[in-house]
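# Fold and geometry: a report
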Number of protein chains: 2
Amino acid sequence: MLINGVPGDRIDIHDRGLQYGDGIFRTLRIMQGLPRQWPRHYRKLKQDCAALGLACPEADLLADELRQLAATRPDGVAKIIITRGNSERGYTLPPSVVPNRILMISPPPDFSDKYRLHGVKVRVCDLRLSHQPRLAGVKHLNRLENVLAAMEWNDPEIAEGLLLDMEGNVTEGTRSNLFLVRNGELSTPDLSQCGVAGVQRERVLDWAVANDVACKVEQLSLADVLAADEVFLVNSVIGLWPVRQLQERVWQQHPVSLQIGKWLNNATD
Amino acid sequence: MLINGVPGDRIDIHDRGLQYGDGIFRTLRIMQGLPRQWPRHYRKLKQDCAALGLACPEADLLADELRQLAATRPDGVAKIIITRGNSERGYTLPPSVVPNRILMISPPPDFSDKYRLHGVKVRVCDLRLSHQPRLAGVKHLNRLENVLAAMEWNDPEIAEGLLLDMEGNVTEGTRSNLFLVRNGELSTPDLSQCGVAGVQRERVLDWAVANDVACKVEQLSLADVLAADEVFLVNSVIGLWPVRQLQERVWQQHPVSLQIGKWLNNATD
């Protein structure tokens, strides 16, 4: 682990990430000692910092620190946290606050290959996401909704929970973005009111453009999901999981999902 | 500072308070070496822990640790943070996670006596609070909305910002609860959809009952606030501040507010 470039695993309790969740983060895959899709991740990190008015560390600095961590674990998952920095009590920012950066690396997850090839069973969470356009799309540190949603089930057969917003629009998984395949076209939920816009979601949108496949970003209902030809989930750690079952609906075949999943795994963009 | 009872000022970066804002906190006044309204604060701490499914530390343990801190600074502000505890990457709780408790003490604020006696100027924040009934009222660590709202102004003449919700209901101050005085009765915003229900708000509600003054908990618009006979703000650090100015509206007299403020300062409940 590196904290502001120095090996360590502890931070000051005055850090505003702890005090208020005042910061952002990213999770990315390290393979063969290299971070996957680093330019995309850095671009998103910078956007998310800007959304909170945080100074984003330089790309070269973070890339160098990622390399140091990757040298210790060439196959793993890196997490980058940028917090506002330390301050005394109170929401108001001190006049000069310097962001803290925390880089962690952990072993790769041991998800079954079955998930990737044959799909996963998912459920609908009871928790509904709140609308906050000022924070929508941003991977910030205020993640209690995701935590509470993840606490709703402990059946190991269920790999992910779908989150609907207060108005019943399907928004995302607790830790993934969602796509539908319908009549050869893609759809993914609009995230202008809530949800996290991940890097793999962006890659799927780019894949669609490059392959001349329409992809709508729109409001989607649970009925839309259940009626889709295929449904899949993406994030930077899992890659792509087709959905095999949601409620009584079972999907046996996932041809488009598997094609996109293969591209996500292999493309070096 | 005490971390799980041990003097220190650093926590493990795996703490879920930092990772996700997965925890709650309270801020309370220490005077003459004693925490003010400790039974009420503990009761609220326990309620807030329950709202997140956190195990709340025992009252005696926290009271003892508060006493240790208060011995070093008999006049100050204590902050208690209870986080879910440490875990590896991922929203899902590990099977056995032990909460971390962090106790901090800082100097008392140096707010002018004018604020308390003659009132403060407040503004309306642009940020609108999102509706999340699962977290409404709870003083949890997901406080980015408060941080962003507090970033909206830096005029030292403005002591607080009012927060409206997405539907335009006035909900609270960025760090205080709000009351109106109208025709000798009190009103305070309903906090079932958003906002933090503080201990001083509860005390004012109890004062109203004890003094046979009606106090409605209801939806309030900005027009309601501007038309009120008196407006005041409360929290455990400031006590009570009458509002002297909001937009073009100026309040010169605050008889009911001052009476309640005096009681809040002196009562030992």
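Because the structure is predicted, anything quoted here is derived from the model rather than measured. (Residues numbered from 1 in each chain as written. Chains lettered and ligands numbered in written order. Predicted model: local features only at pLDDT ≥ 70, side-chain atom pairs only at ≥ 80, totals over all residues.)

What follows concerns the domain arrangement of chain A. Residue and element names in this part refer to chain A. On domain assignment, one finds that chain A holds domain 1 (2-106) and domain 2 (113-266). With 17 residues of domain 1 at the interface, the matching set in domain 2 holds 9 residues. Contributing elements (two or more residues each) for the side of domain 1 that touches domain 2: strand 4 (23-31) and helix 2 (38-52). Sorting elements by how many residues they give to the side of domain 1 that touches domain 2 places strand 4 first, with 7 residues. Among the residues making up the side of domain 1 that touches domain 2, the classes are represented as 6 nonpolar, 6 polar and 5 charged. (Domains from an automatic or database assignment. Contact = placed C-beta atoms within 7 Å. Helix = DSSP H or I, 4+ residues; strand = E, 2+ residues; numbered from the N terminus. Nonpolar A, V, L, I, M, F, W, Y, C, P; charged D, E, K, R; others polar.)

A word on the relation of the copies chain A and chain B. With an RMSD of 0.0 Å, the fit of chain A onto chain B corresponds to turning through 180° and sliding 0.0 Å along the axis. Such a combination of turn and shift is consistent with a two-fold rotation axis. (Least-squares fit on C-alpha atoms with pLDDT ≥ 70 in both.)

Turning to the interface of chain A and chain B, a few remarks are in order. Counting from both sides, the interface comprises 43 residues of chain A and, opposite them, 43 residues of chain B. Secondary-structure elements contributing two or more residues to the side of chain A that touches chain B are strand 3 (10-12), helix 1 (16-20), strand 6 (76-83), strand 7 (100-106) and helix 5 (144-150) of chain A. Tallying contributions element by element places helix 5 of chain A first for the side of chain A that touches chain B, with 5 residues. Taken together, the residues of the side of chain A that touches chain B sort by class into 20 nonpolar, 12 polar and 11 charged.

So, on to the confidence of the model for chain A. Segments scoring low in pLDDT should not have their predicted coordinates read at a detailed level. The pLDDT averaged across chain A works out to 96; a share of 100% of its residues lies at or above 70. Scored as a complex, the prediction yields pTM 0.97 and ipTM 0.97. (pLDDT = per-residue confidence, 0-100.)

Before going further, it helps to examine the pairing of strand 6 (residues 76-83) of chain B. All names here are of chain B. With 8 of 8 residues buried, strand 6 is to be regarded as a mostly interior element. Burial along strand 6 is two-sided: Gly76, Ala78, Ile80 and Ile82 facing one way and Val77, Lys79, Ile81 and Thr83 facing the other are all buried. Relative to strand 6, strand 4 (residues 23-31) runs antiparallel, the two sharing 8 bridges. In the strand pairing of strand 6, Ile30 is matched with Gly76. Two strands pair when backbone bridges link them, and strand 6 and strand 7 (residues 100-106) are joined in this way by 7 bridges, in the antiparallel orientation. By the bridge assignment, Ile82 is partnered in strand 7 with Arg101. (Buried ≥ 20, exposed ≤ 12 C-beta atoms within 10 Å, placed from the backbone. Pairing = 2+ DSSP bridges.)

Turning our attention to the pairing of strand 12 (residues 185-189) of chain A. Residues and elements named next belong to chain A. For strand 12, the buried fraction is high: 4 of the 5 residues fall into the buried class. Pairing of strand 11 (residues 177-182) with strand 12, which is carried by 3 bridges, proceeds in the antiparallel orientation. Within strand 12, the position partnered with Arg182 by the bridge is Glu185. The hairpin turn running from strand 11 into strand 12, its antiparallel successor, is 2 residues long, and Asn183 in that turn takes a positive phi close to 50°. Two strands pair when backbone bridges link them, and strand 12 and strand 13 (residues 215-218) are joined in this way by 4 bridges, in the parallel orientation. Pairing of Pro189 across the sheet is with Glu218, part of strand 13. For the handedness criterion, the β-α-β arrangement of strand 12, helix 6 (residues 199-210) and strand 13 is classed as right-handed. (Right-handed = clockwise from strand over helix to strand, strands pointing away.)

Let's shift gears to the sheet that holds strand 6 of chain A. Residue and element names in this part refer to chain A. Strand order in the open sheet formed by 6 strands is 2-1-7-6-4-5, and the pairing between neighbours is antiparallel. Each edge of the sheet is formed by a strand with only one pairing partner; in this case those strands are strand 2 (6-7) and strand 5 (34-35). Summarising the sheet, strand 1 (residues 2-3) and strand 2 pair through 2 bridges and their orientation is antiparallel. Paired with Ile3 across the strands is Val6, a residue of strand 2. Packing of helix 3 (residues 59-72) onto the sheet brings it into contact with strand 1, strand 4, strand 5, strand 6 and strand 7, and relative to strand 7 it is tilted by some 25°. (Axes fitted to C-alpha atoms, helices over the stretch in contact; angles between N-to-C directions.)

A pair of packed helices is captured by two measures, namely the crossing angle of their axes and the spacing between those axes. All names here are of chain B. With their axes 11 Å apart at the nearest point, helix 6 (residues 199-210) and helix 8 (residues 255-266) run at an angle of 115° to one another. One element, helix 6, and the other, helix 8, form an angle in the roughly perpendicular class. Regarding helix 6 and helix 8, the two cross each other, and that crossing is right-handed. Side by side, helix 6 and helix 8 meet where Gln200, Arg203, Val204 and Trp207 of the first sit next to Ile260, Trp263 and Leu264 of the second. In terms of residue class, the contact of helix 6 with helix 8 is built from 5 nonpolar, 1 polar and 1 charged. (Parallel < 35°, antiparallel > 145°, perpendicular 65-115°, else oblique. Left-handed = near helix turned anticlockwise from the far one by under 90°.)

Moving on: the sheet that holds strand 4 of chain B. Residue and element names in this part refer to chain B. Across the sheet, which stays open at both edges, the 6 strands sit in the order 2-1-7-6-4-5 with antiparallel pairing between neighbours. Across the chains shown, the open sheet's two edge strands, defined by having one partner strand only, are strand 2 (6-7) and strand 5 (34-35). Across the sheet, helix 2 (residues 38-52) is in contact with strand 4, strand 5 and strand 6; its angle to strand 4 comes to roughly 175°. Its contacts with the sheet put helix 3 (residues 59-72) on strand 1 (2-3), strand 4, strand 5, strand 6 and strand 7, and the angle it makes with strand 7 is roughly 25°.

What follows deals with the environment of Glu230 of chain B. All names here are of chain B. Secondary-structure assignment places Glu230 in strand 14 (residues 230-235). Residue classification places Glu230 among the buried residues on the basis of 20 C-beta atoms within 10 Å. Sequence separation between Glu230 and Leu163 is 67 residues; the distance between their C-alpha atoms is 18 Å. Beyond its immediate sequence surroundings of up to four residues, Glu230 is in contact with Val181, Pro242, Trp251, His254, Val256 and Ser257.

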